[in-house]
Number of protein chains: 2
Amino acid sequence: MPEYKIQYFNVKALAEPLRFLLSYKNIPFEDVRIKSEDWPAIKNTMPMGQMPILEVDGKRAHQSLAMTRYLAKQVGLVGSNDWEDLEIDMAVDTINDFRMKIGAVQYEPDEEVQKKKRVTLDNETIPFYLEKLEAMAADGHFALGKLTWADLYFVAVLDYLNYMAKKDLTENRPNLNKVKETVLALDGIKNWVAKRPQTDL
Amino acid sequence: MPEYKIQYFNVKALAEPLRFLLSYKNIPFEDVRIKSEDWPAIKNTMPMGQMPILEVDGKRAHQSLAMTRYLAKQVGLVGSNDWEDLEIDMAVDTINDFRMKIGAVQYEPDEEVQKKKRVTLDNETIPFYLEKLEAMAADGHFALGKLTWADLYFVAVLDYLNYMAKKDLTENRPNLNKVKETVLALDGIKNWVAKRPQTDL
C-alpha cells in the first residue's frame, strides 16, 4: 500500500475530504498539521503557496479537488464510466461553487464590503444553492443514486461551510441531512470522526 | 458517434475549451449561441441558471470543467493512469484559479471596490500566477511533458483571460507562448479558429 501524507492547518476545511476518503477504507495516513506560526516559513516551499498538500510515496500533489478525485479513484467511490464520472464531477463542482461563494464573503478583507456581501449571501446565494443541492440529493445521494465521493466531499466540508456561513446549512433540509447521516454512519468515517482532533472548522 | 450540442453565449470564454476539444478530433457539434436578450427567459431552465451546457445524445450536463474533462476523455487527451490524470487536473485547476481571481475583479459590481482590487490583481496576483504557470510550462506543456487537455484548456480560455485582465498575459512568457503556438497549430484547432464566430472574449 502506498504511504500517504496530508499536510494542512489544524482544521478540517479543504483537507477533510482527503482524510475522509482514506479513512473510508481504513487506509493509514500521516496527518501533518502545520501551526499558523510556522506557516510563513514554509509557505514558499509549497507549489502554489497553499495547502492542503498530499504526498503519495513521497510524490507531492496540490489542488484539493484534484487530490480528492485521485483518492476517490483509489478507494472505489467513482463512477463506472465517463458519463457517471461527469455526473459526480457536476455535483462536486456545484458544492465547490457554493463553498467559494461563501468563502468570497468570509474572506473579504474590507469590513464594509463584507457586510454588504453577506446580506446578498444570506438572502439570495445560500437559499438558491441549498434548494438546488437539496433537490440534487433527493434520493439521499448527490450522484448516481448511490454512495460516491460527492457525498463524502459534501459531508467532509460541511462544518467548514457552516462555520463560514455562520449557520447550520442543513437545518430543515431532509435530503442533505440524509446524505450526512449516511456518510457519518460508514464504519471508516465513524472511526475517523471519533478520533480526529476537535476543531471548529 | 454521439450527437454533441453546446449552448452558451456568443463568446469563447467557458465554452471554448469544449469547442476546442471536439474540434481537435474534428467531431461535429451543434454550436448554439444564445442572444443576451433571450437569456432571461431561459435562464431558469438551466440546471444552475448558468451556461455553458453540453448535451450528449440529448443528455444534458453543466459545470464547465467537469464537461471539459469528460470531452478530454472522449478525444484521448488524458493521462494513462490516475496519477497522470491528477497532474493534469492540478494544472487545469491552477489555470482555473487564475481565471477566477481575474474574474472576481472583472465582475466586482462596486466600482470603487473593483478599482482597489484591480491594483492588487495587477501588482500581485497576475505576476504570481504568470510566474508559476510559466514555470509549469517549462517544456512547452502544462503536464506530463506532452499535449494534454490542460494545454487546450489554457489556450481556449486565454482570450477571455486577456480580456478580463485588460492585458496580453503571455507577453514575454516564452513557455506560455510555446503552449499557445503548439495548440493553435493543431489541424483541428486551426480549422475551428479559422471558422468560428469572431468575438472579443
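Quick caveat: nothing in here was measured; it's all calculated off a predicted structure.

**Description of the overall build of chain A**
When you go through chain A residue by residue, the secondary structure sums to eight helices and four strands. Shown N-terminal to C-terminal, the secondary structure of chain A runs as helices and strands in the order β-α-β-α-β-β-α-α-α-α-α-α. For 201 residues, the compact-globule estimate of 2.2 N^0.38 gives 17 Å, and the C-alpha radius of gyration of chain A, at 17 Å, lies within 12% of that figure. Viewed in the frame of its principal axes, chain A has a C-alpha envelope of about 45 × 40 × 35 Å. Going through the 201 residues of chain A one by one, you find that 55% of them count as buried. When the accessible surface of chain A is totalled, it reaches about 9100 Å², and 47% of it is carbon and sulfur. The averaged location of the 31 negative side-chain charges in chain A is 2 Å from the averaged location of its 27 positive side-chain charges.

**Points about the pairing of strand S1 (residues 4-9) of chain B**
Residues and elements named next belong to chain B. Of the pairings in the sheet, the one linking S1 to strand S2 (residues 29-34) comprises six bridges and is parallel in character. The partner of phenylalanine 9 across the bridge, within S2, is isoleucine 34. The parallel pair S1 and S2 is bridged by helix H1 (residues 16-24), and the resulting crossover is right-handed. Bridging between S1 and strand S3 (residues 53-56) involves four bridges; their strand directions are antiparallel. What sits directly across from glutamine 7, in S3, is isoleucine 53.

**Details of the UniProt feature "domain: GST N-terminal" (unreviewed entry) in chain A**
Annotation from UniProt places "domain: GST N-terminal" (unreviewed entry) at residues 2-79 of chain A. In the segment residues 2-79 of chain A, helix accounts for 32% and strand for 24%; the C-alpha atoms at its two ends are 23 Å apart.

**Structural notes on the relation of the copies chain B and chain A**
At an RMSD of 0.0 Å, chain B and chain A line up after a rotation of 180° and a shift of 0.0 Å along the axis. Accordingly, the operation relating the two chain copies is best matched by a two-fold axis. In terms of C-alpha distance to the rotation axis, chain B has valine 113 of chain B as its closest residue, with the C-alpha 4.0 Å off the axis. Mapped onto chain A, 100% of the interface residues of chain B again fall at the interface, so both copies present the same surface.

**Quick word on the sheet that holds strand S2 (residues 29-34) of chain A**
Within a sheet, each strand pairs with its neighbour through backbone hydrogen bonds, oriented either parallel or antiparallel. Residues and elements named next belong to chain A. A sheet is described by the order of its strands in space; here four strands give the open sequence S2-S1-S3-S4, paired in mixed fashion. Of all strands in the sheet, those bounded by a partner on one side alone are S2 and strand S4 (59-61). Neighbour-to-neighbour, the strand axes of this sheet turn through a mean angle of 20°, independent of strand direction. Relative to the sheet, helix H3 (residues 64-74) contacts strand S1 (4-9), strand S3 (53-56) and S4, its axis offset from that of S3 by approximately 35°.

**Section: the pattern of salt bridges**
The tally for this structure, following the rule as stated, stands at 24 salt bridges over all chains. Aspartate 31 of chain A is paired through a salt bridge with arginine 19 of chain A; the nearest N and O atoms lie 2.8 Å apart. Of this pair, aspartate 31 of chain A sits in strand S2 while arginine 19 of chain A sits in helix H1 (residues 16-24); the two residues are 12 residues apart in sequence, bridging distant segments of the chain. Taking relative accessible area as the criterion, arginine 19 of chain A reaches 0% and is therefore assigned buried. Residue glutamate 16 of chain B pairs with arginine 196 of chain B through a salt bridge whose shortest N-O separation is 2.8 Å. In this pair, glutamate 16 of chain B is assigned in helix H1 and arginine 196 of chain B in the segment after helix H8 (187-195), connecting sequence segments 180 residues apart. Arginine 196 of chain B matches glutamate 16 of chain B in its accessibility class, with the two residues each being buried. Here the salt bridges share partners, and the residues they tie into one network are Lys12, Glu16, Arg19, Asp31, Arg33, Asp159 and Arg196 of chain A.

**Re the UniProt feature "domain: GST C-terminal" (unreviewed entry) in chain A**
UniProt's feature table lists "domain: GST C-terminal" (unreviewed entry) at residues 81-201 of chain A, given in the numbering used throughout. Helix makes up 73% of residues 81-201 of chain A and strand 0%, with an end-to-end C-alpha separation of 34 Å.

**Observations concerning the sheet that holds S3 of chain B**
Taken in spatial order, the four strands line up as S2-S1-S3-S4 (chain B) in an open sheet, and their pairing is mixed. Taken across any chain shown, the strands that pair with only one partner, and hence form the sheet edges, are S2 and strand S4 (59-61) of chain B. Taking the axes of each pair of neighbouring strands and ignoring which way they run, one obtains an average angle of 20° across the sheet. Examined bridge by bridge, S3 of chain B and S4 of chain B share three bridges and lie antiparallel to one another. Residue pairing for S4 of chain B: leucine 54 of chain B is matched across the bridge by alanine 61 of chain B. Against the sheet, helix H4 (residues 82-106) of chain A makes contact with S3 and S4 of chain B, and its axis sits at roughly 40° relative to S4 of chain B, the strand it touches most.

**Points about the packing of aromatic side chains**
Residue and element names in this part refer to chain A. Going through the model one piece at a time under the given rule, you end up with 14 aromatic pairs over all chains. Between phenylalanine 9 and tryptophan 39, the aromatic rings sit 5.1 Å apart at their centres with planes inclined by 80°, giving edge-to-face as the arrangement. With phenylalanine 9 in strand S1 and tryptophan 39 in helix H2 (residues 39-43), the pair connects residues that are 30 residues apart, well separated along the chain. Looking at phenylalanine 9, the relative accessible area reads 22%, which means it is partly exposed.

**Details of the nonpolar core**
Residue and element names in this part refer to chain A. Counting 71 residues, the largest nonpolar core has Phe98, Phe142, Leu152 and Val183 as the members making the most contacts within it. Here the element with the most residues in this core is helix H6 (residues 149-165); it accounts for 13 residues. If we skip the residues at most four places from it in the chain, leucine 152 touches Phe20, Leu21, Tyr24, Leu77, Leu147, Val183, Leu186 and Ile189.

What counts, and at which threshold
Residues numbered from 1 in each chain as written. Chains lettered and ligands numbered in written order. Predicted model: local features only at pLDDT ≥ 70, side-chain atom pairs only at ≥ 80, totals over all residues. Heavy atoms only, no water. Helix = DSSP H or I, 4+ residues; strand = E, 2+ residues; numbered from the N terminus. Rg over C-alpha atoms; globule rule 2.2 N^0.38 Å. Buried < 20%, exposed > 50% of the residue type's maximum accessible area, 1.4 Å probe, protein only. Areas by Shrake-Rupley, 256 points an atom, 1.4 Å probe, with all protein chains shown as cover. Lys, Arg positive; Asp, Glu negative; His and termini not counted. Charge placed at Lys NZ, Arg CZ, Asp CG, Glu CD. Pairing = 2+ DSSP bridges. Right-handed = clockwise from strand over helix to strand, strands pointing away. UniProt positions renumbered as here; feature names shortened; annotations may be inferred. Least-squares fit on C-alpha atoms with pLDDT ≥ 70 in both. Contact = heavy atoms within 4.5 Å. Axes fitted to C-alpha atoms, helices over the stretch in contact; angles between N-to-C directions. Salt bridge = Lys/Arg side-chain N within 4 Å of Asp/Glu carboxyl O. Phe/Tyr/Trp six-rings, centres within 6.5 Å; stacked < 30°, edge-to-face > 60°. Core = buried A, V, L, I, M, F, W, Y, C linked by side-chain atoms within 4.5 Å.

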